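Given next are the chains, with one letter for each unit.
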Amino acid sequence: MHNLTIAEISKKLQEKEFSSKEITQHFLDRIKRLDGTYNSFITLTEQEALAQAEAADKRLATGDAPTMCGVPIAHKDIFCTQGVKTTCGSRMLENFIAPYDATIVSNYKTAGAVTLGKTNMDEFAMGSSNETSYFGSVKNPWDVECVPGGSSGGSAACVAAQLAPAASATDTGGSIRQPASLCGLTGLKPTYGRVSRWGMIAFASSLDQAGTLTKTAEDSAIMLNVMASYDAKDSTCVNEPIPDYTATLNDSIKGLTIGVPKEYFGEGLHPGTELAVKNAIETYEKLGAKIKEISLPHSSLSVPAYYVIAPAECSANLSRFDGVRYGHRCEDPKNLEDLYMRSRGEGFGPEVKRRILVGTYALSAGYYDAYYSKAQKVRRLIKQDFVDAFKDVDVILGPTSPSPAFKFGAKGDDPVAMYLEDIYTIATNLAGLPGMSIPCGLVEDKPVGLQLIGNFFAEGKLLNVAHQFQLATDFHTLRAKVDE
Amino acid sequence: MEAKEIEKLAKLARLEITQETIDETAKSITEVLALVDQLQSADTGDIAPMAHPLDAVQVLRKDEVTESDTREQLQAIAPATEDGLYLVPKVID
């Protein structure tokens, strides 16, 4: 059962081949038996899941249930879930129980999906290896000595080990696409504003976007159909029409123009990854697409711009954790300032502290223009590169990550080496564009991903282009060997 | 970045950095700032700063109460409350 995709599970549920309760129990048993190795879940919601599955089975019995009804999934522990702990991978929120559901969580509940549990992640989504989680690192099911990527490492590892058919995730600089690449999955980060951020704990508000980690592009389309909604409670959510993302999956891509940025094939790219991406380009040519070399001239500035903007926004967003209203509070504070300083000092880990300090510096008197304002100007140049490119191409293609999964501790004491892990993914967040990563080969027996970037709100086209690749290749069907 | 500057930033951010970790913090932040300094090479002339990917403007709504009173639920997760108020150490002597 655990080999199935969402599309297959949905069909079998509708045809009564098995019940939601049966498949939910199957995944819960797998998690309990196997997740000791991977540490992909922080909280398992067994009772809730079985109650949701029972309700879904009643709905399925009427013969009029939506596609995701009864399908079990996992949620990244950054999404608030009423009555269930939401830790964001931090000691700060170790015992935090949100008084409400995030909009995307209620969207999935309304659609009848079952929540298996909450997945591990880098603390406050800050990291590219899942090593910053207060609840311990997550192991990559392809090689347990390697990282699964981050920050959505738990969501990626649980799907790669087939402990869940799919999971929600978030992407601020590559946190969906990079783990998808390192774990051999399909990852989708929609356009900024496509999916509500309400109830999703904020890291960098102008970059954060919720999306999915799945086995196939078809499953991403099914999940985005549920996840995307206009939400008045998120003032940056965009009120654009929401198409049926599954309706265009089978469109022909003959005559489609794919842009390949020359800047994405420079120094630092693993030759194995480069070869896999080049082979993918050939596959697209065979499918009738036209390939065009393009230039995104400001690419090299995306990581520097991001490491001003993201920390600046994080330092403001994380000021809400003050030890007063919720979250960790230190013992015996001497005075109010001591309460703030020690609660935050004890509650946050080193990477979160580093980013708060960098952000505070970039926003402080005398440095604002040189850092924050400058980075925002460069951000516009980076977006303009994409706007210009999309005048001539339909989709942009390149590698997702510079190399396959690396060993634990390999980039541990060098924050800049870790930041460069997102060198190809960060620009799409700065520009607000939708991006995907799909498996395109194995390098050193570990998966690598192909990144596809679409125009604003062109998720339908992006999913179509990804699905056509998956019809022509079988990289997305390769699975990590799980010691059953 | 010197340890003294980290102390000042930590105070601005209301964030305790222990003495044992301060040198390491200073070193890593210096590395991050060296990365970020690459921005200075960009010619940004009269480019307007970009705060939002879609250049959206603030959404306005009617000034009406749309949410119910959830004080009890919200205070249930607070570290310390009394009579519906949040408790903090004494602020005024």
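Details of the structure are given in the entry above.
This structure is a prediction, so every number in the text was calculated from the model and none was measured.

## A few points about the pairing of strand β3 (residues 114–119) of chain A
All names here are of chain A.
Point 1. The element β3 is extensively covered by neighbouring structure, given that 6 of its 6 residues are classed as buried.
Point 2. Across 3 bridges, the pairing between strand β1 (residues 41–44) and β3 is antiparallel. Across the sheet, Leu-44 pairs through a bridge with Gly-117, a residue of β3.
Point 3. Pairing of strand β2 (residues 72–76) with β3, which is carried by 4 bridges, proceeds in the parallel orientation. Residue pairing in the sheet places Pro-72 in a bridge with Val-114 of β3.
Point 4. Each parallel crossover has a hand, and for β2 linked through helix α4 (residues 103–110) to β3 it is right-handed.

## Description of the interface of chain A and chain B
Point 1. Counting from both sides, the interface comprises 61 residues of chain A and, opposite them, 49 residues of chain B.
Point 2. Between chain A and chain B, roughly 5000 Å² of surface is buried when both sides are summed, and carbon and sulfur atoms account for 70% of that area.
Point 3. Where chain A packs against chain B, one counts 2 salt bridges.
Point 4. The residue B:Lys11 makes a salt bridge to A:Glu337 at a minimum N-O spacing of 2.4 Å.
Point 5. On the surface where chain A and chain B come into contact, there are 13 residue pairs in polar contact (both at pLDDT 80 or more).
Point 6. Breaking the side of chain A that touches chain B down by element, the ones donating at least two residues are α9 (302–317), α10 (336–347), α11 (350–363), α12 (369–389), α13 (415–419) and α14 (426–431) of chain A.
Point 7. By residue number, the principal contributor to the side of chain A that touches chain B is α12(A), which donates 12 residues.
Point 8. Broken down by class, the residue content of the side of chain A that touches chain B amounts to 35 nonpolar, 13 polar and 13 charged.

## Section: α9(A)
Point 1. An ideal rise of 1.5 Å per residue puts 22 Å on 16 residues; α9(A) measures up with 22 Å between its terminal C-alpha atoms.
Point 2. Of all 16 residues in α9(A), 15 are buried, a share of seventy percent or more.

## Points about the side chain of A:Ser315
Residue and element names in this part refer to chain A.
Point 1. Within the secondary structure layout, Ser-315 lies in helix α9.
Point 2. Taking relative accessible area as the criterion, Ser-315 reaches 11% and is therefore assigned buried.
Point 3. Setting aside its immediate chain neighbours within four residues, Ser-315 contacts Ile-356, Gly-359, Thr-360 and Leu-363.

## Considering the pattern of salt bridges
Pairing of side chains with opposite charge becomes possible as their charged atoms draw close.
Residues and elements named next belong to chain A.
Point 1. Applying the stated rule across the entire model yields 21 salt bridges over all chains.
Point 2. Here Glu-15 ties to Lys-11 by a salt bridge, and the two come within 3.5 Å at their closest N and O atoms.
Point 3. Overall, Glu-15 belongs to the partly exposed group, its relative accessible area being 48%.
Point 4. Put simply, Arg-30, Arg-33 and Glu-484 are held in one network by salt bridges that share partners.

How each quantity is defined
Position numbers for residues count from 1 along each chain, tracking the sequence in the order it is written. Chain letters and ligand numbers both follow the written order, the letters beginning at A and the numbers at 1. At least 70 in pLDDT is required for a residue's local features to be given in this predicted model, at least 80 for side-chain atom pairs to be given and counted, and no such filter applies to totals for whole chains, interfaces and linings, which use all residues. Excluding hydrogens and water, the side-chain values take into account all heavy atoms of the structure. Per-residue accessibility, obtained with a 1.4 Å probe over protein chains only, is compared with the maximum for each type, and a residue is labelled buried under 20%, exposed over 50%, and partly exposed between these values. For the purposes of this entry, the term helix denotes a DSSP run of H or I that reaches at least four residues, the term strand denotes a run of E that reaches at least two, and both are numbered from the N terminus. In short, DSSP must find at least two bridges between two strands for them to pair. Note on handedness: a clockwise path from strand one over the helix to strand two, with the strands aimed away from the viewer, defines a right-handed crossover. Any two residues having at least one pair of non-hydrogen atoms within 4.5 Å are treated as being in contact. The term buried area means the drop in 1.4 Å probe accessible area that two parts suffer when joined, counted for both and summed. The term salt bridge refers to a side-chain nitrogen of Lys or Arg lying within 4 Å of a carboxyl oxygen of Asp or Glu. Pairing of N or O atoms within 3.5 Å defines a polar contact, subject to two protein rules: one partner must be a possible hydrogen donor and the other a possible acceptor, and residues neighboring in sequence count only if both atoms are side-chain atoms. Any residue outside Ala, Val, Leu, Ile, Met, Phe, Trp, Tyr, Cys, Pro, Asp, Glu, Lys and Arg is labelled polar, Gly included; the first ten of those are nonpolar and the last four are charged. Helix span is expected to be 1.5 Å times the residue number reduced by one.

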